[in-house]
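Residue-level listing of the chains:
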Amino acid sequence: SPFFSKSRVMSQQNSIRTYVEKLCSRLSGIAVSSSDNTLDLGAATSAFVRDVAVDYIIGKDHGNLDQEDFNAGITVQFQGSGQFWRITKHLPWYGPTLMAIPRTWVIETADAATAVFFRHLQKTDDDIKAVIDEVAASLRAADLKDAQQGPQTAVHEILESSLPPAEKGFRRVR
């Protein structure tokens with residue numbers, strides 16, 4: 001996809017620098033204020049990558065770098081996703097079965113790390129739906145010659161492409 005070309009990613013340097021500065025500021029603050037000067041650098045790095053990626057792909061800041069623990073629960077869940085993949089490889093019905101469980105129920109009954117992860121999934125889905133609605137409105141406005149040029153995210157690229165409509169629905173874009 002041209003959206004992920006080197007030149008296109010390089011054009012996002014200012015946004016990426018903003019997140020680098022936020023990460024450095026957080027790390028400096030922890031180094032100065034923490035009595036034991038320890039932190040989960042993996043969670044901090046993961047938070048940085050998630051914030052950059054979500055901003056680039058859907059144009060939203062999920063604020064992982066702003067969380068006291070860098071949303072370490074999401075990192076833990078991502079690190080455990082290999083086990084899930086191995087299970088679904090051999091039991092293909094397992095993934096759809098788990099996906100059928102209502103997220104709200106999982107958030108209310110799961111351990112803290114899993115609840116944080118599922119809240120993240122729900123927020124991402126809500127943001128993708130909002131971008132889809134925004135692009136649809138923009139395309140309707142373009143038909144009326146009133147289109148406004150906003151940030152072009154990966155979701156914008158997909159929805160404004162020549163892909164068939166079936167490839168532009170929420171389930172496919174997600």
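In this report, we go over the structure that sits alongside the text.

We now examine the overall build of the protein chain. Looking only at helices and strands, the protein chain features 10 helices and 0 strands. Beginning at the N terminus, the succession of helices and strands in the protein chain can be written as α-α-α-α-α-α-α-α-α-α. When the backbone C-alpha atoms are referred to their principal axes, the protein chain occupies close to 60 × 45 × 30 Å. For the protein chain, the residues scored as buried account for 30% of the 174 residues in total. Considering only contacts in the protein chain between residues 6 or more positions apart, those separated by 24 or more positions represent 59%. Carbon and sulfur atoms provide 58% of the accessible area of the protein chain, an area that totals close to 11,300 Å². Of note, the protein chain has its 19 positive side-chain charges centred 7 Å away from the centre of its 21 negative side-chain charges.

By volume, the largest pocket is sized at about 1,300 Å³. Only helix H3 (41-58), helix H4 (72-79), helix H5 (81-90), helix H6 (94-99), helix H7 (103-109), helix H8 (112-143), helix H9 (154-159) and helix H10 (170-173) provide two or more residues apiece to the lining of the largest pocket. Ranked by the residues each element gives to the lining of the largest pocket, the list is headed by H8, at 10 residues. Taken together, the residues that form the lining of the largest pocket break down as 25 nonpolar, 10 polar and 6 charged.

Attention now goes to the packing of aromatic side chains. Any two aromatic rings considered together are summarised by their centre-to-centre distance and by the angle between their planes. A complete count under the given rule lists 3 aromatic pairs for this structure. Between Phe78 and Phe117, the aromatic rings sit 5.3 Å apart at their centres with planes inclined by 90°, giving edge-to-face as the arrangement. One end of the pair, Phe78, is in helix H4; the other, Phe117, is in helix H8, and 39 residues separate them in sequence. Note on Phe78: relative accessible area 40%, which makes it partly exposed.

Turning our eyes to something else, we now look at helix H2 (residues 13-33). Its 21 residues give H2 an end-to-end C-alpha distance of 30 Å, which sits within 8% of 30 Å, the value for a rise of 1.5 Å per residue. Turning to H2, its buried residues number three or more, namely Tyr19, Leu23, Arg26 and Ile30. Taken end-on, H2 shows its buried residues confined to a sector of 60°, consistent with a single buried face. Exposed positions of H2 whose direction lies more than 90 degrees from the buried face are Asn14, Glu21, Ser25 and Val32. Elements in contact with the buried residues of H2: H3.

Rules behind the numbers
Residues numbered from 1 in each chain as written. Predicted model: local features only at pLDDT ≥ 70, side-chain atom pairs only at ≥ 80, totals over all residues. Heavy atoms only, no water. Helix = DSSP H or I, 4+ residues; strand = E, 2+ residues; numbered from the N terminus. Buried < 20%, exposed > 50% of the residue type's maximum accessible area, 1.4 Å probe, protein only. Contact = heavy atoms within 4.5 Å. Areas by Shrake-Rupley, 256 points an atom, 1.4 Å probe, with all protein chains shown as cover. Lys, Arg positive; Asp, Glu negative; His and termini not counted. Charge placed at Lys NZ, Arg CZ, Asp CG, Glu CD. 1 Å grid on protein atoms, 1.4 Å probe; cavity = no way out; pocket = protein on both sides within 12 Å on 5 of 7 lines; lining within 4 Å. Points joined across faces, edges and corners; volume = space filled by probe spheres on them. Nonpolar A, V, L, I, M, F, W, Y, C, P; charged D, E, K, R; others polar. Phe/Tyr/Trp six-rings, centres within 6.5 Å; stacked < 30°, edge-to-face > 60°. Expected span 1.5 Å × (residues − 1). Arc of directions from axis to C-beta.

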